[in-house]
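# Summary of structural features
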Amino acid sequence: MTSIPTIPLGHWVSHGVDYLTAHYGASLNAVSHFIHSLISLLEHGLRAVPVLIFIPLVAVLSLLALGWQRPRAWGLALFSLFGLGLVWDLHLWHALIQTLALVLAAELLILIVGIPLGIFAAQSHLAEKILRPILDVMQTMPAFVYLVPAVIFFGLGLVPGVIATTIFALPPLVRLTALGIRQVPAELVEATESFGATWWQLLWKVQIPTALPSIMAGVNQSIMLGLSMVVIASMIGAGGLGNEVLQGITQLDVGKSFVGGISVVILAIIIDRLTQAFGQQRKE
Amino acid sequence: MDQNAAKIEIRHASKVFGREERLALDLLDKGLSKSEVQKRTGVVVGIHDISLNILAGEIFVIMGLSGSGKSTLLRLINRLHEASRGSILVDGVDVTKMKASELRALRRRAFGMVFQNFGLLPQRTVLGNVEFGLEIQGIPRSQRRERAQEVIETVGLQGYEQRYAAELSGGMQQRVGLARALAADPEILLMDEAFSALDPIIRSQLQDDLLEIQDRLNKTIVFVSHDLDEALKLGNRIAILRDGRLIQVGDPQEILSHPADEYVSTFVEGADRSKVLTARDVMQNVRTAANPKDSPRVVLRKMERSGFGGLMVIDNGRRLHGYIDLSAVRSQREKEQLSTDLFRPIPTADANAKLVDLIQIITDKGSPVAVIDARQRVIGVVDKSTILAALAQNDDGPTVEENHADPTPAVAMASVPASQAESSASGS
């Protein structure tokens, strides 16, 4: 039986990754250092606030963000008090802060990369044509696949966790930023141009403010995706709440993984409601 | 500034949208229509080979149905669209050849634009929207606030400064749009179907306001509209476009009385002539009149000969002394001269008075109106029958020949009683 030769796609990718680590090790190290200091800065900052102040602070923040006159705001405030209190009581506060720092660091990178990319994709048809398949791959590729090169490039720990999370959660922000900007009414753009605005003024004074609800929806979506990546990232030593879940799975300890899981959900709900509120506030 | 200088000159401007630009222009030059060109090349024709001058200080209305290219033409003026061919001169400088920075400077200095759907920033207040153009120019906050406040008062928006655009009614939103366009005190206002999205009463109000503002500010206004009544009301001159080509340019009276072709006349059919035609357009010459020096016998003979029951009294200097009717003259039959007591006052009107106002006077006073010039001399007369005849042209659906042959209908002279007036109108 004649066999069709297998295309050595896997080999090529492995070799490519080897080549990159061999020749660009220094730059990778610099990136790694930068991300590492970003995470520790965030983590230390968050830990500096005592738990008994931190939790009420979140409750107050939800009242401010959603508007204290509205019953929903009080609902979220109560939920924060009891939910975060529960996490603390379960001795998972330390893990929660670590997870939060990881997600925030990843989100910061996502904002830095994602918003300019979204603007670029909105302005140029060519850019959109090139970006679309790349974003499709990033979004549909199983999240585990990012972990291996992340580990090879950056070793084990928090840094590859942040990198993998960033790549995984980037697409919705790019897409929603581009969508929001493209949906700014043509008449509004014409009006702005008719007053002699520069490209930068058009972008900064009209397109971004008008697209802001959509951009905030993108921010919200990317944070949510980032949180869902946390558990997976713990497999390469990213720590945090994901670690609890992972340990629970490996030890067949249903209770332990449930406790870790519910903590992630509590954190997710609070962040989701808060970022949504920031997005909607501008509309009213 | 010279009022009759061309502020904007459009020279052989064409705009087509699509890849086969060259081919499309060639076909258009050969006389193919918009739809034929589109079928053959896939190119959408905006406008083709339009040349016209827009004068400083006038309201110039560009009119046509949707797809006629009127908005495209407007956008060529401030280069929101790039012309495919031809040139557009603003104050003698070719806009199509400007560098990006020069174009921005021109847009900031010379143009204010108002849009059909307002184009306001929803996240800004009225004040924030009005000062937008000034902000683009980099004018300091306090200065632009002050100027914005002034313009807000000009358009009647005081008290709404801190409201968001989306909270206002359409008419109010368009006032914001107008204020925004006026804020930088541009020389030229470009208005793209600015009042078309508003309901009729609000639209008419804003038209009046625009005319009033124009009286004070004396801008050059280019106004795009699909509504003939609006064009006739606002326009000092009107350009009519069809399928991307210019059909006719003229002042409202010309458009109404000499439509260039079938297309324009069908447009004109629906127009309210009474708001456009003036006393000058419809008045009759005074063929028979009494002289204050006439004896009663002479006046009676004049009445008999002309068949009228009353005459205007006009002296040799064509000055109006009043109106005299048959019974009054009869009562003085034996006298040597007419007594001035018998002259009844007769309403007068300026030659530029609109028909709609003359109708009001004639129904109120029940007598004809003498048309007088600036030196109070009688130049003509308007009565019920003249008005009916002028308006009746409308209902017949005027044909080109009819209008060219006789813009002012022939009817009996002034001072005909109402019953006769109707029969003479229907007979004409």
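Residues numbered from 1 in each chain as written. Chains lettered and ligands numbered in written order. Predicted model: local features only at pLDDT ≥ 70, side-chain atom pairs only at ≥ 80, totals over all residues. Heavy atoms only, no water.

### Focus: the overall build of chain A
To keep things clear, this is the line we draw: Each helix is a run of DSSP H or I of at least 4 residues and each strand a run of E of at least 2, with the numbering of both proceeding from the N terminus. Classification of residues uses two cut-offs on accessible area relative to the type maximum, computed with a 1.4 Å probe and protein chains only: under 20% is buried, over 50% is exposed, and between them is partly exposed. Note on contacts: a residue pair qualifies if any of its non-hydrogen atoms lie within 4.5 Å across the two residues. Per-residue and other accessible areas were derived by the Shrake-Rupley procedure at a 1.4 Å probe size, with only the shown protein chains allowed to occlude residues.
In terms of helices and strands, chain A carries 12 helices and 0 strands. For chain A, the C-alpha atoms occupy an extent of roughly 65 × 55 × 40 Å along the three principal directions. Here chain A, with 284 residues, has 48% of them falling under the buried criterion. Of the contacts made within chain A by residues no fewer than 6 positions apart, 76% connect residues no fewer than 24 positions apart. With the model as given, the accessible surface of chain A reaches about 14800 Å², and the carbon-plus-sulfur share is 72%.

### Some words on the sheet that holds strand S8 (residues 220-225) of chain B
All names here are of chain B. The cut-off we apply is this: Being paired, for any two strands, means DSSP has found at least two bridges between them. As a rule, the C-alpha atoms of each element are fitted with a line to give its axis, helices using only the stretch in contact, and angles between N-to-C directions run from 0 to 180 degrees.
Spatially, 6 strands are ordered S6-S7-S8-S3-S9-S10 in an open sheet, and the strand pairing comes out mixed. Edge strands, defined here as strands with exactly one partner in the open sheet, are strand S6 (111-114) and strand S10 (245-250). Between one strand axis and the next, the sheet turns through 15 degrees on average, direction left out of account. In this structure, strand S7 (residues 188-192) lies alongside S8, joined through 5 bridges in parallel fashion.

### Points about the domain arrangement of chain B
Here is the rule we go by: An automatic or database domain assignment supplies the start and end points of every domain.
We note that the domain assignment places domain 1 (6-271) and domain 2 (280-427) within chain B. Placing the centre of domain 1 of chain B and that of domain 2 of chain B at their C-alpha centroids yields a distance of 43 Å.

### Here's the deal with the pattern of salt bridges
Any two side chains of opposite charge can pair, so long as their charged atoms come close to each other. Stated formally: For this document, the term salt bridge refers to a Lys or Arg side-chain nitrogen within 4 Å of an Asp or Glu carboxyl oxygen.
For the coordinates displayed, the defined rule picks out 33 salt bridges over all chains. A salt bridge links Arg182 of chain A to Glu128 of chain A, with the shortest nitrogen-to-oxygen separation between them at 3.8 Å. With Arg182 of chain A in helix H8 (residues 158-182) and Glu128 of chain A in helix H6 (residues 125-140), this pair connects stretches of sequence that are 54 residues apart. Arg182 of chain A gets classed as partly exposed once you look at its relative accessible area, which sits at 40%. Between Lys7 of chain B and Glu187 of chain B there is a salt bridge; the shortest N-O distance is 2.8 Å. Taken together, the residues span a long stretch of sequence, with Lys7 of chain B in strand S1 (residues 6-17) and Glu187 of chain B in the loop between helix H8 (170-183) and S7 at a distance of 180 residues. With a relative accessible area of 3%, Lys7 of chain B lands in the buried category.

### Observations concerning the side chain of Ser257 of chain A
Residue and element names in this part refer to chain A. This is how it is decided: Here a polar contact is taken to be a pair of N or O atoms separated by no more than 3.5 Å, where protein atoms must pair a possible hydrogen donor with a possible acceptor and residues adjacent in sequence count only if both atoms sit in side chains.
Among the structural elements, Ser257 can be located in helix H12 (residues 254-281). Judged by its relative accessible area of 17%, Ser257 is buried. There is a polar contact of 3.1 Å between the side chain of Ser257 and the backbone oxygen of Val254. Sequence-distant contacts of Ser257, that is, excluding residues within four places in its chain, are made with Glu244, Val245, Gly248 and Ile249.

### Description of the nonpolar core
Heads up, the condition is: Remark: nonpolar core denotes a set of buried residues (Ala, Val, Leu, Ile, Met, Phe, Trp, Tyr, Cys) joined through side-chain atoms within 4.5 Å.
Leu84, Trp93 and Val162 of chain A are the most contacted members of the largest nonpolar core, which totals 77 residues. Considering each element in turn, this core owes the most residues, 15 residues, to helix H5 (residues 93-123) of chain A. Beyond its immediate stretch of four places on either side in the chain, Leu84 of chain A contacts Ile55, Val58, Phe79, Trp93, Leu96, Ile266 and Ile270 of chain A. Core analysis: the next-biggest nonpolar cluster, separate from the first, contains 63 residues, Met63, Ala165, Leu256 and Ala351 of chain B among them.

### Quick look at the interface of chain B and chain A
Taken together, the 24 residues of chain B in the interface contact 16 residues of chain A. In this structure, Glu135 of chain B and Lys205 of chain A form a salt bridge, with 2.7 Å as the shortest nitrogen-oxygen distance. The interface formed by chain B and chain A includes 9 residue pairs in polar contact (both at pLDDT 80 or more). Those elements that place two or more of their residues in the side of chain B that touches chain A are helix H4 (100-110), S6, helix H6 (132-136) and H8 of chain B. Of all the elements, H6 of chain B adds the most residues to the side of chain B that touches chain A, at 4 residues.

### Remarks on a nonpolar patch on the surface
Applicable threshold: The residues that make up patches have over 30% relative accessible area and no salt bridge, and they are joined within 9 Å when like-charged or within 5 Å when they are Val, Leu, Ile, Met, Phe, Trp or Tyr.
Residues Ile7, Leu9, Trp12 and Val13 of chain A make up a contiguous nonpolar surface patch of roughly 470 Å² in combined accessible area. Tracing the sequence through the fold places Val13 of chain A in helix H1 (residues 9-23).

### Here we look at the pairing of strand S14 (residues 369-372) of chain B
Residues and elements named next belong to chain B. For clarity, the threshold we go by: A crossover gets the label right-handed when its path from the first strand over the helix to the second runs clockwise, viewed with the strands pointing away from the viewer.
Of the two faces of S14, both are covered, the one formed by Val369 and Val371 as well as the one formed by Ala370 and Ile372. Here strand S13 (residues 348-350) runs beside S14; their pairing, made up of 3 bridges, is parallel. Paired with Ala349 across the strands is Val371, a residue of S14. Taken together, S13, helix H16 (residues 355-365) and S14 constitute a β-α-β crossover, and its handedness is right-handed. Where S14 meets strand S15 (residues 378-382), 4 bridges bridge the pair, whose relative direction is antiparallel. Among the inter-strand pairings, Ile372 is bridged to a residue of S15, identified as Val378. Here S14 folds back onto S15, and the loop between the two strands holds 5 residues, one of which, Gln376, carries a positive phi near 65 degrees.

### A word on the sheet that holds S15 of chain B
Residue and element names in this part refer to chain B. Strand order in the open sheet formed by 3 strands is S13-S14-S15, with mixed pairing between adjacent strands. Each edge of the sheet is formed by a strand with only one pairing partner; in this case those strands are S13 and S15. On average, each strand axis in the sheet is tilted by 35 degrees relative to the strand beside it, whichever way the strands run.

### Let's talk about the packing of aromatic side chains
Put simply, the rule reads: Two rings from Phe, Tyr or Trp (for Trp, the six-membered ring) form a pair when their centres sit within 6.5 Å of each other. Planes less than 30 degrees apart are called stacked, planes more than 60 degrees apart edge-to-face, and all others tilted. Only Lys NZ and Arg CZ are tested; either one counts as a charge over a ring when it is within 6 Å of the ring centre and within 35 degrees of the ring normal.
Considering all chains together, one arrives at 6 aromatic pairs over all chains under this definition. Residues Trp200 of chain A and Trp204 of chain A carry aromatic rings whose centres are separated by 5.8 Å and whose planes lie at 5 degrees to one another, so their mutual orientation is stacked. Taken together, the positions of Trp200 of chain A and Trp204 of chain A, both in helix H10 (residues 199-233) and 4 residues apart, correspond to about one turn of that helix. The burial state of Trp200 of chain A is the same as that of Trp204 of chain A; both residues are exposed. Counting every residue linked through ring pairs, the aromatic cluster contains Trp199, Trp200 and Trp204 of chain A. When the ring centre of Tyr263 of chain B is taken as origin, the NZ or CZ atom of Arg242 of chain B, which lies over that ring, is 4.7 Å away.

### Describing the environment of Ser295 of chain B
Within the element layout of this structure, Ser295 of chain B appears in the loop between helix H13 (279-282) and helix H14 (296-306). Those residues in contact with Ser295 of chain B that lie beyond four places of it in its chain are Glu336 and Gln337 of chain B.

### Focus: the packing of H8 of chain A against H10 of chain A
Residues and elements named next belong to chain A. This is how it is decided: The cut-offs work like this: below 35 degrees is roughly parallel, past 145 is roughly antiparallel, 65 to 115 is roughly perpendicular, and the gaps in between are oblique. Handedness of a crossing follows from how the near helix is turned relative to the far one, being left-handed for an anticlockwise turn of less than a right angle and right-handed for a clockwise one.
Where H8 contacts H10, the two axes come as close as 7 Å, and the packing angle between them is 150 degrees. Accordingly, the angle class assigned to the pair H8 and H10 is roughly antiparallel. Two packed elements cross with a definite hand, and for H8 against H10 that hand is right-handed.

### Digging into helix H3 (residues 70-77) of chain B
The periodicity of an α-helix, 3.6 residues per turn, causes residues three or four places apart in sequence to face the same way. All names here are of chain B. Most of H3 is tucked away, with 7 of its 8 residues classed as buried. Those residues of H3 that fall on the buried side of the exposure criterion are Lys70, Thr72, Leu73, Leu74, Arg75, Leu76 and Ile77. In the segment just after H3, Arg79 is the residue with positive phi, at about 60 degrees.

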